[in-house]
Amino acid sequence: AGAGGGEAAGALHQWMVDECAIGEADAAQYAALLSDDGFDSTLALSAMCDADWPAAVKKGHRRTIARQALRAVEAAAAAAAPAPKAAEGEAEGSEEEEDEPAAAPRSAMAAALMADDDDDDDEEEE
């Protein structure tokens, strides 16, 4: 379907089949449409709003894809976060730098994804 998004569409298609339990035909169609619009990763998918979804993507599949994309992003963030006790070395006196949680809760992560839009709105109101 798309011109240069073949590899991304293929990976997205396989992810939809494996992680979202979407059938091969639907997954291939969705992956092509989403990749053409630049939604070619779980990070991009997790930041989509309702208006971003192609009409061809079934509502139930939208919810499944969005949920699984958010889970994948959260899992990646948790995996990338330093372990609580081994993060800054073995010294017990460096606890001051460990105030940040290892992974943000879903609501905070969703808020962070939309932070750029919210910041722009606040500036216009002032």
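Everything in this summary refers to the structure shown in the same document. (Residues numbered from 1 in each chain as written. Predicted model: local features only at pLDDT ≥ 70, side-chain atom pairs only at ≥ 80, totals over all residues. Heavy atoms only, no water.)

## With respect to the overall build of the chain
Then step 1. Looking only at helices and strands, the chain features six helices and zero strands.
Then step 2. Going residue by residue from the N terminus, the α and β elements of the chain occur as α-α-α-α-α-α.
Then step 3. Counting over 126 residues, the chain shows a buried share of 26%.
Then step 4. Pairs at least 24 apart in sequence give 56% of the contacts found in the chain among residues at least 6 apart.
Then step 5. Accessible surface, the chain: about 8,400 Å² in total, of which carbon and sulfur atoms supply 49%. (Helix = DSSP H or I, 4+ residues; strand = E, 2+ residues; numbered from the N terminus. Buried < 20%, exposed > 50% of the residue type's maximum accessible area, 1.4 Å probe, protein only. Contact = heavy atoms within 4.5 Å. Areas by Shrake-Rupley, 256 points an atom, 1.4 Å probe, with all protein chains shown as cover.)

## Overview of the pattern of salt bridges
Then step 1. The tally for this structure, following the rule as stated, stands at one salt bridge.
Then step 2. A salt bridge links D26 to K58, with the shortest nitrogen-to-oxygen separation between them at 3.1 Å. Highlighted residues: D26 in helix α2 (residues 24-36) and K58 in the loop between α3 (42-46) and α4 (59-80), separated in sequence by 32 residues.
Then step 3. Given the relative accessible area of 45%, K58 is considered partly exposed. (Salt bridge = Lys/Arg side-chain N within 4 Å of Asp/Glu carboxyl O.)

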